[in-house]
Amino acid sequence: MDFLQLLSWACIVFTICMFSTGVTDLRKMVSSRSAENVQFLPFLTTCLNNLGWLYYGTLKKDGTLIVVNAIGAVLQTLYILSYYYYTTHRRKVLMLTLSAGGVLCGGYLYFSVLVGDEHSRLNQLGLICSTVTVSMYLSPLTDLVNIVRSGSVRCLSFPLTVATFLTSTSWTLYGLQLQDLYIMVPNTPGIITSLVRFWLFWRFPMPQEEPSYRLLQI
């Protein structure tokens, strides 16, 4: 097994593990029969991101991107449907989902009809997907600042931090091997933010009687 194939398997395994952390929220909704303490937007934005990278992987004919993001899109769709079933704000959830679907359809029509050159299509799509991925990795920065101010890491998930670090590192190395900046660059912030979270867990340890994270149950 060569290094690129090893990285491919690492990307698949680590990314699916990261997506599977949503099972914790799914179990919470099923057990409480409520979506009150679960956030909906991360499911929706991650699903859109998966579908964008799935399209990019299809154009690039990259099996690793196709497998990972197809599985990710299925999982996020499951989380979205479960949230819709248990939430009391179905109208809002439906409107957000339809709006996201409209954006997705508009983007597909743009790249399929208006961008005829395959090279330009791949570059533009890669840039958009990269921008969305970077924004998703940087979005928790406000929470990290609040953690530093409060001195508490109760709102951080240690398993998710580990999964994000391994996923970002594997994709960065995979993009480096392929010399694909659209894969390599957007995953670098994930490594940085994960290292910051590790430092926060070290800097603000929880008391022994209180676990610093919830056990991941799959």
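Residues numbered from 1 in each chain as written. Predicted model: local features only at pLDDT ≥ 70, side-chain atom pairs only at ≥ 80, totals over all residues. Heavy atoms only, no water.

Draft legend 1. Representation of the overall build of the protein in the model. When its secondary structure is counted, the protein shows 9 helices and 0 strands. Secondary structure elements in the protein, listed N-terminal to C-terminal, are α-α-α-α-α-α-α-α-α. Of all 218 residues assigned to the protein, the portion counted as buried reaches 41%. Across the protein, contacts joining residues at least 24 apart in sequence account for 77% of those joining residues at least 6 apart. (Helix = DSSP H or I, 4+ residues; strand = E, 2+ residues; numbered from the N terminus. Buried < 20%, exposed > 50% of the residue type's maximum accessible area, 1.4 Å probe, protein only. Contact = heavy atoms within 4.5 Å.)

Draft legend 2. The arrangement of helix H3 (residues 41–60) in detail. The end-to-end C-alpha distance of H3, which contains 20 residues, comes to 28 Å, matching closely the 28 Å that a straight helix rising 1.5 Å per residue would cover. What H3 keeps buried is the set Phe 43, Leu 44, Thr 46, Cys 47, Asn 49, Asn 50, Gly 52, Trp 53, Tyr 55, Tyr 56, Gly 57 and Leu 59. In this structure, the buried side of H3 is in contact with helix H1 (3–20), helix H2 (22–32), helix H4 (63–86), helix H5 (90–114), helix H6 (118–138) and helix H9 (181–203). Just downstream of H3, Lys 61 is the residue with a positive phi angle, here 60 degrees. (Expected span 1.5 Å × (residues − 1).)

Draft legend 3. Region of interest: H1. Taking 1.5 Å of rise per residue, the 18 residues of H1 would be expected to cover 26 Å, and the 26 Å separating its terminal C-alpha atoms lies within 8% of that figure. Among the structural elements, H2, H3, H4 and helix H8 (158–178) are those in contact with the buried residues of H1.

Draft legend 4. Representation of the side chain of Thr 64 in the model. The topology assignment puts Thr 64 in helix H4. Looking at Thr 64, the relative accessible area reads 7%, which means it is buried. Looking at Thr 64, its side chain comes within polar contact range of the side chain of Ser 8, at 2.5 Å. Beyond its immediate stretch of four places on either side in the chain, Thr 64 contacts Ser 8, Cys 11, Ile 12, Trp 171 and Tyr 174. (Polar contact = N/O pair within 3.5 Å; in protein donor to acceptor, adjacent residues only side chain to side chain.)

Draft legend 5. Quick look at the packing of H8 against H9. Viewed as axis vectors pointing N to C, H8 and H9 meet at an angle of 150 degrees, and their least axial separation amounts to 8 Å. On the basis of the axis angle, H8 is roughly antiparallel to H9. As H8 packs across H9, the resulting crossing turns out to be left-handed. In terms of residue class, the contact of H8 with H9 is built from 13 nonpolar, 10 polar and 1 charged. (Axes fitted to C-alpha atoms, helices over the stretch in contact; angles between N-to-C directions. Parallel < 35°, antiparallel > 145°, perpendicular 65-115°, else oblique. Left-handed = near helix turned anticlockwise from the far one by under 90°. Nonpolar A, V, L, I, M, F, W, Y, C, P; charged D, E, K, R; others polar.)

Draft legend 6. Quick peek at the packing of aromatic side chains. Under the counting rule described, the total for this entry stands at 13 aromatic pairs. Ring-pair connections join several aromatic residues into one group, and the members of that group are Tyr 55, Tyr 108, Tyr 110 and Phe 111. Sitting over the ring of Tyr 84, Arg 90 keeps its end group 5.4 Å from the ring centre. (Phe/Tyr/Trp six-rings, centres within 6.5 Å; stacked < 30°, edge-to-face > 60°. Lys NZ or Arg CZ within 6 Å of the ring centre and 35° of its normal.)

Draft legend 7. Inspection of the pattern of salt bridges at higher detail. A complete count under the given rule lists 2 salt bridges for this structure. The partner of Asp 25 in a salt bridge is Lys 28, and the shortest N-O contact between them spans 3.9 Å. In this pair, Asp 25 and Lys 28 both sit in helix H2, 3 residues apart, roughly one turn of the helix. Its relative accessible area of 27% is what places Lys 28 among the partly exposed residues. A salt bridge links Asp 180 to Lys 60; the nearest nitrogen and oxygen atoms lie 3.1 Å apart. Remark: Lys 60 occurs in helix H3 and Asp 180 occurs in the loop between H8 and H9; sequence separation between them is 120 residues. (Salt bridge = Lys/Arg side-chain N within 4 Å of Asp/Glu carboxyl O.)

Draft legend 8. Summary view of the confidence of the model for the protein. In the predicted model, the protein carries a mean pLDDT of 88, and the fraction of residues at 70 or more is 94%. Confidence, expressed as mean pLDDT per element, reaches its minimum in the protein at helix H7 (residues 141–150) with 78 and its maximum at H4 with 95. (pLDDT = per-residue confidence, 0-100.)

Draft legend 9. Structural view of unusual backbone geometry. Unusually for a residue other than glycine, Lys 61 sits at a positive phi of about 60 degrees. Judged by its relative accessible area of 68%, Lys 61 falls in the exposed class. In the Ramachandran plot, Gln 179 falls in the positive-phi region, its phi being about 55 degrees despite a non-glycine side chain. Inspection of the secondary structure puts Gln 179 in the loop between H8 and H9.

Draft legend 10. Up close: the nonpolar core. Among the nonpolar cores identified, the biggest contains 36 residues, and Met 29, Tyr 56, Tyr 83, Leu 125, Trp 171 and Ile 183 are the most heavily contacted of them. Broken down by secondary-structure element, the contributors of at least two residues to this core are H1, H2, H3, H4, H5, H6 and H8. Not counting residues up to four positions away in its chain, the partners in contact with Tyr 83 are Met 29, Ala 35, Val 38, Gln 39, Phe 40, Phe 43 and Val 93. Core analysis: the next-biggest nonpolar cluster, separate from the first, contains 7 residues, Ile 147, Leu 156, Leu 200 and Phe 201 among them. (Core = buried A, V, L, I, M, F, W, Y, C linked by side-chain atoms within 4.5 Å.)

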